[in-house]
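In case you want the letters, here they are:
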Amino acid sequence: MADRPNPHERLPIRPSVPQRNETQLLAHRTEAITSIPVTPGISQGTYGVERPNGFPTSRRPQQERQDYFPRRAAHTVPAQPPAVSPLNEISLAARQGDIALSGNILSVTFTLPQLLRYRKGGVWELEHKYHCSTHLDSLSYLSSPESPWQHTVIAWTGEIYNVSDNASVSHDKLQESVPASTTTSLGGHAHGDDDVGSGETFISHKSKAVLEDKLYNDQIRTVPVWLADKSDITDSGIKLKNQSRWRRYAEHDLCALFHYKQRAPTDGRQAILRWDDYRRMNEIFAERVSETYKPGDIVVVHDHYLMLVPEILRKRHPGMHIVFFLESPFPTSELIRCLHRREEILKGVLASDLVCFQAFHYLQHFANSCSRILRYNATSEWVETEDSKARVYLTVLPSGINVSKITSLAYSPSVDKTYTELLKLYKGKKVIIGSDPLSRFGGVEKKLQGFKRFLDKYPEWRHDVVLVQITSPATMDDDDGDNIIYARQVNDLASSINQAYGSLDFTPVQIHNQRLSQEEYFAVLRLGDVAVNTCVREGMSTTSLEYVACQRDTHGPLIISEFSGTASYLEEAIRINPWDVGQVADEIHRALTMSPKERNQMHKALYQRVVQGNVQLCVSSMLKRLIDVLKLGDSGSYKNEGLSKP
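As recorded in an unreviewed UniProt entry, the protein goes by the name Glycosyltransferase family 20 protein, listed as coming from Trichoderma citrinoviride.

J.: Could you clarify how one ought to interpret the overall build of the protein in this entry?
T.: Scanning the protein from terminus to terminus reveals 20 helices and 19 strands. A buried classification covers 61% of the 646 residues belonging to the protein. Once local pairs closer than 6 in sequence are excluded, the contacts in the protein between residues at least 24 apart make up 81%. Accessible surface, the protein: about 25700 Å² in total, of which carbon and sulfur atoms supply 49%.

J.: Sorry, what's going on with the nonpolar core here?
T.: The tendency in soluble globular proteins is for nonpolar side chains to be buried as a group. Judged by nonpolar contacts, the single largest core of 68 residues is most densely connected at L448, F451, F454 and L558. Tallying contributions element by element places helix α14 (residues 482–501) first for this core, with seven residues. Contacts of F454, omitting those with residues within four sequence positions, involve W461, V465, A585, I588, H589 and L592. Core analysis: the next-biggest nonpolar cluster, separate from the first, contains 61 residues, Y278, F324, L326 and I336 among them.

J.: Would you explain the pairing of strand β4 (residues 150–156) in this entry?
T.: Along a regular strand, successive side chains alternate from one face of the sheet to the other. With six of seven residues buried, β4 lies mostly within the body of the structure. Where strand β1 (residues 104–111) meets β4, seven bridges bridge the pair, whose relative direction is parallel. Along β4, the bridge assignment pairs T111 with W156.

J.: Can you help me understand the pattern of salt bridges in this one?
T.: Opposite charge on two side chains permits them to pair, given that their charged atoms come into close proximity. Scanning the entire structure with this criterion turns up 29 salt bridges. Its salt-bridge partner being R119, residue E125 comes within 2.8 Å of it at the nearest N-O pair. Ionic pairing is found between R372 and E334, a salt bridge with its closest N-O pair at 3.7 Å. Of this pair, R372 sits in helix α10 (residues 360–373) while E334 is found in helix α8 (residues 333–336), placing the two residues 38 residues apart along the sequence. Each member of the salt-bridge network shares a partner with another, and the members are K208, E212, R288 and E291.

J.: I would appreciate a short explanation of helix α9 (residues 342–349) in the present structure.
T.: Since there are 3.6 residues in each turn of an α-helix, residues three or four apart along the chain are aligned in direction. Of all the residues in α9, the buried ones are I345, L346, G348 and V349. Down the axis of α9, the smallest arc covering the buried residues is 160 degrees, so these residues share one side.

J.: Just to check I follow, could you spell out helix α4 (residues 205–216) for this structure?
T.: Helix length check: α4 (12 residues) gives 16 Å between terminal C-alpha atoms against 16 Å at 1.5 Å per residue, within 8%. For α4, the full list of buried residues reads S207, K208, L211, E212, L215 and Y216. Viewed end-on, α4 has its buried residues packed into an arc of 165 degrees, placing them on one side of the element. The elements touched by buried residues of α4 are β2 (114–119), β3 (123–128), β6 (201–204), β7 (222–225), β8 (237–240) and α6 (269–292).

J.: Looking at this structure, I do not really get the sheet that holds strand β11 (residues 354–357). What am I missing?
T.: Strand pairing in a sheet relies on backbone hydrogen bonds. The paired strands run either parallel or antiparallel. In space, the eight strands of this open sheet follow the order β7-β4-β1-β9-β10-β11-β13-β12, with mixed pairing throughout. Only two strands of the sheet have a single partner each, and these edge strands are β7 and β12 (382–384). Each adjacent strand pair in this sheet contributes to an overall mean axis angle of 20 degrees, direction not counted. In the sheet, strand β9 (residues 298–302) pairs with strand β10 (residues 321–325) via five bridges, with the strands oriented parallel. Within the sheet, the bridge partner assigned to I298 lies in β10 and is H321. In the packing of α10 onto the sheet, contacts are made with β11, β12 and β13 (391–396), and the angle to β13 comes to roughly 155 degrees.

J.: I'm lost on the side chain of D353 in this one. Help?
T.: Inspection of the secondary structure assignment puts D353 in the loop between α9 and β11. Polar contacts involving the side chain of D353 include one to the main-chain amide nitrogen of I322, which spans 2.8 Å.

J.: Quick question: what am I supposed to make of the environment of A359 here?
T.: Structurally, A359 can be placed in the loop between β11 and α10. For the pair A359 and S568, spaced 209 residues apart in sequence, the C-alpha to C-alpha distance is 7.2 Å. Those residues within four positions of A359 in sequence are excluded, and the remaining contacts are V396, G565 and S568.

J.: How should unusual backbone geometry be read in this particular structure?
T.: Most peptide bonds take the trans configuration, and most residues that are not glycine carry a negative phi. Backbone geometry places D303, a non-glycine residue, at a positive phi of 70 degrees. Mapped onto the secondary structure, D303 falls in the loop between β9 and α7 (309–316). Exposure remark for D303: the relative accessible area of 0% places this residue in the buried category. A positive phi is found at R375, a non-glycine position, where the angle reads about 65 degrees. For R375, the location among the structural elements is in the loop between α10 and β12.

J.: For this particular structure, what's the right way to read the confidence of the model for the protein?
T.: In regions of low pLDDT, the predicted coordinates are not meant to be interpreted in detail. With 74% of its residues at a pLDDT of 70 or more, the protein has an overall mean of 79. Across residues 15–86 the pLDDT falls below 50, and counting only partners more than four positions away or on other chains, this stretch makes 166 contacts in the model.

J.: Honestly, the packing of helix α12 (residues 413–425) against helix α15 (residues 518–527) in this entry has me stumped. Any pointers?
T.: For any two helices packed against each other, the geometry comes down to the angle between their axes and how far apart the axes lie. Between α12 and α15, the shortest axis-to-axis distance is 8 Å and the interhelical angle comes to 55 degrees. One finds that α12 runs oblique with respect to α15. Pair α12 / α15 crosses with right-handed handedness. Note on element contacts: α15 touches α12 through E519, E520, F522, A523, V524, R526 and L527, opposite S414, V415, D416, T418, Y419, L422 and L423. Residues belonging to the contact of α12 with α15 are distributed by class as follows: eight nonpolar, two polar and four charged.

J.: Looking at this model, I keep getting lost on the sheet that holds strand β15 (residues 465–472). Mind explaining?
T.: Taking strand neighbours across the sheet as the criterion, the six strands line up as β16-β15-β14-β17-β18-β19 in an open arrangement whose pairing is parallel. Edge strands, defined here as strands with exactly one partner in the open sheet, are β16 (509–512) and β19 (574–576). Going from strand to strand, the sheet's axes swing by 20 degrees on average, the running direction of each strand aside.

J.: Would you explain the packing of aromatic side chains in this entry?
T.: The relation between two aromatic rings is expressed through the spacing of the ring centres and the mutual angle of the planes. Under the defined criterion, the tally for this structure stands at 14 aromatic pairs. On the basis of an interplanar angle of 10 degrees and a centroid distance of 3.9 Å, the ring pair of F110 and Y305 is categorised as stacked. With a gap of 195 residues between them, F110 in strand β1 and Y305 in the loop between β9 and α7 connect regions that are remote in the sequence. Look at Y305 and you get buried, because its relative accessible area is 0%.

J.: Can you walk me through the pairing of strand β14 (residues 430–437) in this structure?
T.: Bridge analysis of β14 against β15 gives eight bridges, and the strand direction is parallel. Residue pairing across strands places V431 opposite V466, the latter belonging to β15. In this sheet, strand β17 (residues 530–533) lies alongside β14 in parallel orientation, the contact comprising two bridges. If you follow I433 over to β17, its bridge partner there is A531.

Parameters and conventions
Residues numbered from 1 in each chain as written. Predicted model: local features only at pLDDT ≥ 70, side-chain atom pairs only at ≥ 80, totals over all residues. Heavy atoms only, no water. Helix = DSSP H or I, 4+ residues; strand = E, 2+ residues; numbered from the N terminus. Buried < 20%, exposed > 50% of the residue type's maximum accessible area, 1.4 Å probe, protein only. Contact = heavy atoms within 4.5 Å. Areas by Shrake-Rupley, 256 points an atom, 1.4 Å probe, with all protein chains shown as cover. Core = buried A, V, L, I, M, F, W, Y, C linked by side-chain atoms within 4.5 Å. Pairing = 2+ DSSP bridges. Salt bridge = Lys/Arg side-chain N within 4 Å of Asp/Glu carboxyl O. Arc of directions from axis to C-beta. Expected span 1.5 Å × (residues − 1). Axes fitted to C-alpha atoms, helices over the stretch in contact; angles between N-to-C directions. Polar contact = N/O pair within 3.5 Å; in protein donor to acceptor, adjacent residues only side chain to side chain. pLDDT = per-residue confidence, 0-100. Parallel < 35°, antiparallel > 145°, perpendicular 65-115°, else oblique. Left-handed = near helix turned anticlockwise from the far one by under 90°. Nonpolar A, V, L, I, M, F, W, Y, C, P; charged D, E, K, R; others polar. Phe/Tyr/Trp six-rings, centres within 6.5 Å; stacked < 30°, edge-to-face > 60°.

So, in structure tokens, the structure goes:
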């Protein structure tokens, strides 16, 4: 791997703001907000005709939005993104603002985009899986020939265990279940595999070098991060032990709270250990980024696992161009106030130039948290930090999928074959599909409750409708056993429905806990007459986007929970409150009885949104938005970076 030059120190270029005398939004001094929706994504003009920062929405104008924050006269960043921007257009924008760019993007994400298996004898096996994650789609696009950027991913290897030499290397064994809305568990191992060992794993420096070379020359160029204590790194290699600890703070504390789950209080010792591991992990990531970074690179840090990385990098490289992209939800400030390390987390993110959210209410919650907890001036467009008096800009940027790739996969000959077999299996039945993590946040039990109510209320459907529910492993630390209890509740509820409405030759609820092959997954998305999402809280529903793309020919309606970050994006879909069992039942009936004209109109509008908001536009909009922000800074920055003006 070629060495990359270390950056020269330079002065901060983040835009300065004159001293203000305006009153900050302290919690006890703000006016009560009564016109903000109780449930996210539901309109009262649902966030007006224009999104913050100028991003448009096609919502029809209603009453003017009551914002969390007062509007202030300030720098206005032109943010209407063009169609997919080629490098020369973005470079032109950089030249206009005297911003020097290298043409390189460093994507800093928690775990590898590749699926990794380590065999005894130092043999590494890699495989790719792009569907089921908008995040993976973005990494894949940036690394593809379609992208004008040079792209490198910096990511943890994930947990590594030795695999026996006689273990199966089948496609299904190597596959990892990838959650739809977060970067959790993108790589690493499936812990349920019988052939995966446990305990310590020793990686020699020779094996380490082999993997690093293999990853760097992969189609997604990747620089791996090795997480281990300093005492476990010796002259002969690296000893990996207790590897899951690097996930614990992010999954036990942050992910739970971001999904509105508060853990029971403890004596605090375990919390301190989790935090220390989290901080150390973020420091190791920052060190790896510093080794790879060169002046003019754009660094994009992803999700709640790495919320301290921007601040660590900013201290080392004041002029670095940093974007923080949150794929997860962000909760109300009242919950963030319950987080023990709330100031460190918020300040870690605020070292970025630009912070991206999946939905407008997540952005509002973040800005409100900065105002109420850190006492910073904040609007729905920016936050002014205390120390540097610099503005950190905020934007809404829903993740997109690679529609052309998904369509080519979904309509391949192998999927056609599986789809034909499923059509025969469910001949004469209407099929409702769902794909959710098996945790309370996935809302599978609410879907089952709504389906049961549907069968009760509309008996004419009892022998003609099947619910096919795909579940993926929960992505959150389950130290309290809640996921196990929840899985039992879901299975018991499904059994009760099947006993009440099924027969020897008919099972109305079919839950599939196993990992589906790529062919099976896309065949199910094509098969569905209706897709139902009843999540309690999530960032983006990739399955909903992929379902729309896969319904190119059959135009199945989409029912989506208003608590999904995707709900406010897919405006023409049928929205539901998953706690309202009667509404869920009625909307299932409505979807199944839609006329062909209504189905076609809904699908046409949804498909247009998915295509227009594809992964290419998401990435180019983010970069264009960053350039707009940087243009507000010091125009002489290129001199201090040792770069020539472009």
